[in-house]
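Geometric and topological summary
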Amino acid sequence: MYEEHLAKLAWVLQFVGFNLLYFSMFILGWMGMPRRYYDYLPQFNTPNLISTIGSWVLAMGLFLMFYNLIRSIRAGEKAGDNPWDAATLEWRTSSPRPRRISRRSPR
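Residues numbered from 1 in each chain as written. Predicted model: local features only at pLDDT ≥ 70, side-chain atom pairs only at ≥ 80, totals over all residues. Heavy atoms only, no water.

Remarks on a nonpolar patch on the surface
A cluster of nonpolar side chains, namely Trp11, Val12, Phe15, Val16, Leu20, Leu49, Ile50 and Ile53, defines an oily patch on the protein surface of about 720 Å² accessible area. If one sorts the elements of the nonpolar patch by residue count, helix 1 (residues 4-31) sits on top with five residues. With respect to the helices, strands and loops of the structure, Phe15 is situated in helix 1. Phe15 sits in the partly exposed class, given a relative accessible area of 47%. (Patch = residues over 30% accessible without salt bridge, like charges linked within 9 Å, V, L, I, M, F, W, Y side chains within 5 Å. Areas by Shrake-Rupley, 256 points an atom, 1.4 Å probe, with all protein chains shown as cover. Salt bridge = Lys/Arg side-chain N within 4 Å of Asp/Glu carboxyl O. Helix = DSSP H or I, 4+ residues; strand = E, 2+ residues; numbered from the N terminus. Buried < 20%, exposed > 50% of the residue type's maximum accessible area, 1.4 Å probe, protein only.)

Next up, the structure:
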């Protein structure tokens, strides 16, 4: 099982980082910054800095998500038959599912 508080923190970091990164690029395009240039005018410094910070925040969220995944695989709590307390039919069986015995007639 995932550590839920780490998963929520990773989601928040990814959400904030993604929006800082790509919304500031949208604003840069709206301001008229050309794409694929080696250098840019000084008026574009602040939005590019915000975009760079957003990329690092997004990377931290992804790192935290993968850390949580690997940690949960190695040392996490084992998931029960119905870890989400769902009421639908597919969660009513045991996990892993019992082996089905084939009843074929001999040939």
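Digging into the pattern of salt bridges
According to the stated counting rule, one finds two salt bridges in the structure shown. Residue Lys8 is joined to Glu4 by a salt bridge in which the shortest nitrogen-to-oxygen separation is 3.2 Å. In this pair, Lys8 and Glu4 both sit in helix 1, four residues apart, roughly one turn of the helix. Like Lys8, the residue Glu4 is exposed in the burial classification.

So, the packing of aromatic side chains
In this structure the tally under the stated criterion is four aromatic pairs. Ring centres of Trp11 and Phe15 lie 5.2 Å apart, and the angle between their planes is 15 degrees; this geometry places the pair in the stacked category. Remark: Phe15 and Trp11 occur in helix 1; sequence separation between them is four residues, near one turn of the helix. On the basis of an interplanar angle of 50 degrees and a centroid distance of 4.8 Å, the ring pair of Phe18 and Tyr22 is categorised as tilted. Here Phe18 and its partner Tyr22 are both found in helix 1, four residues apart, which amounts to about one turn of the helix. Taking relative accessible area as the criterion, Phe18 reaches 44% and is therefore assigned partly exposed. Look at Tyr22 and you get partly exposed, because its relative accessible area is 42%. (Phe/Tyr/Trp six-rings, centres within 6.5 Å; stacked < 30°, edge-to-face > 60°.)

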